[in-house]
Each structure stands twice: as structure tokens, then as C-alpha cells.
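# Summary of the model geometry
Okay, here's what each chain looks like letter by letter:
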Amino acid sequence: MNRFASSGLLTLCLLSLGLQQTQAHSADEHAGHKAPASNTQEHTQVKFANVPLLDQTGKTVRLEQDLVQGKIVVMSFIYTSCTTVCPVVSSIMGKVQKQLGARVGSEVQLVSISIDPQRDDPKRLQDYARTFQRGPGWSWLTGSPQSINETLKGLGSFSGDFKNHQPLILVGDGNNRHWMRYYGFTDPALLAKEVEKLSGLRTHAKHTAIAMEQQP
């Protein structure tokens, strides 16, 4: 083999090795971003950490008292540099917003929490939100790493490594600690149905309370 052929073969091998390393790095970065084989759901109990967070406008908020209390809530966990699971989850949330219409922002609150607070500042979240959000009632939250970690732990979604988180959406009544946890790429219609169920339970409880008050 002549000198030029040897040089060309060496270059080809180096390029091939570099491509393999790049692919391996990409796979490792999103190793946990494979959706479960099938969607699953379970009842869960949540706890809201009383810590300051920032929404996409830079406003300081407390999750429970400013966004959750008194509302029916659909909540997701994302980070803006994610190119696999997170855009799908955010798209699902956007479809839920569309299905529920004007109820989002009044009876219903959507919340997306960044699990990469070191990179996702309010401006970055606001830019990201434009792709998915149509209308009010959807808060995108970040904060200090400590505040985000405490928040995620209370909600049962802390993994210790944001690159390995699974697709997850929570739905619940802000007046109740018992929520539903949905794993995988959940059908937006199923999430909207859970919101309708919670709304119906509220209405029934209200009517029951009024009836009891009217009893002699």
C-alpha cells in the first residue's frame, strides 16, 4: 500500500472513530429519554416546597400559593436544550391547552418546570414557550438549583441527573394533595378527561355543601 493510500485509510478510520464517539456522546446525553414501552399512570401524593421560583417573565412566585392553590393543574418537567422527550411533552401540554380553551387561565393552570435551572433562565424559557403556548394560564418556572431540587423532590420527580428524567405529567386539584402521575407520552385527551373529572368532583362537592347548608 503506497503512502497516499495509507494516509487516506488512516484519515477514514479517524473520521469513523470520531463519528462513533459523537453518536455515543449524544446517546449518553439522552440515555434516559426513551419513553416507557407503554404509558402508565398511578395515584401519588405531592408536597409543595415553599421556595421562591421565577416564571418566564422574571416574576418571583411560590408554586402552591401563587399558581396551584384553587386551580386544577396540569404540570410537566422539561429543559430547553432537550431535543427528544421534552418537545413532545411540551407539545402534549400545548394540545391540552387547546382542548381546554378559555378554562386555562381561569379554572385550570398549566405549569412547566425546568429541571436544568443553571441554563434555563426566564428569557430562555420565554423563548422556548413561544413554540408551544397559545394564550394565558401557562407558567414556565425556573429558579436556583436548590429551589428547583426541593420542588422536584416534593413532587416526586427528582432524579439527581436531569438528562435521565422520564417523560412525566402530573394532574391534580390544587386543593388536594392526591394527584395522578402519568408516565410516557400520554394522550392529551386523557389528560383533559382527568381535568374534567376533577372539575366535576368540585361541582358535586359544592352542590352537596349547599344542600347540606339548606337542610333544616
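Throughout what follows, the structure given in this document is the object of discussion.

Parameters and conventions
- Residues numbered from 1 in each chain as written.
- Predicted model: local features only at pLDDT ≥ 70, side-chain atom pairs only at ≥ 80, totals over all residues.
- Heavy atoms only, no water.
- Helix = DSSP H or I, 4+ residues; strand = E, 2+ residues; numbered from the N terminus.
- Buried < 20%, exposed > 50% of the residue type's maximum accessible area, 1.4 Å probe, protein only.
- Polar contact = N/O pair within 3.5 Å; in protein donor to acceptor, adjacent residues only side chain to side chain.
- Contact = heavy atoms within 4.5 Å.
- Phe/Tyr/Trp six-rings, centres within 6.5 Å; stacked < 30°, edge-to-face > 60°.
- Lys NZ or Arg CZ within 6 Å of the ring centre and 35° of its normal.
- Core = buried A, V, L, I, M, F, W, Y, C linked by side-chain atoms within 4.5 Å.

For D120, the location among the structural elements is in the loop between β5 (108-114) and α4 (122-129). Under the relative-accessibility criterion, D120 is labelled buried at 0%. Side chain to side chain, D120 and T80 meet in a polar contact 2.4 Å long. D120 has contacts with Y79, T80, S114, L125 and T142, leaving out every residue within four places of it along the chain.

In this section: the packing of aromatic side chains. Per the counting criterion, the structure on display carries 4 aromatic pairs. Taken together, a centroid distance of 5.7 Å and an interplanar angle of 80 degrees make the contact between Y128 and W140 edge-to-face. Taken together, the residues span a long stretch of sequence, with Y128 in helix α4 and W140 in strand β6 (residues 138-141) at a distance of 12 residues. Taken as a pair, Y128 and W140 share a single burial class, namely buried. Ring pairing ties together the aromatic residues Y128, F132, W138 and W140, which thus form one cluster. Cation over ring: K153 sits above F158, and NZ or CZ is 5.0 Å from the ring centre.

Formed by 51 residues in total, the largest nonpolar core has its most connected members in L63, M75, F77, I113 and L155. Filtering out sequence-adjacent residues up to four positions away, I113 remains in contact with L63, M75, S76, F77, I78, L141, I148, T151, L152 and L155.

Position of A192 among the secondary structure elements: in helix α6 (residues 188-214). As a C-alpha pair, A192 and K98 span 94 residues in sequence and 9.9 Å in three-dimensional space. Once residues within four sequence positions are removed from consideration, A192 is found in contact with Q99 and L100.

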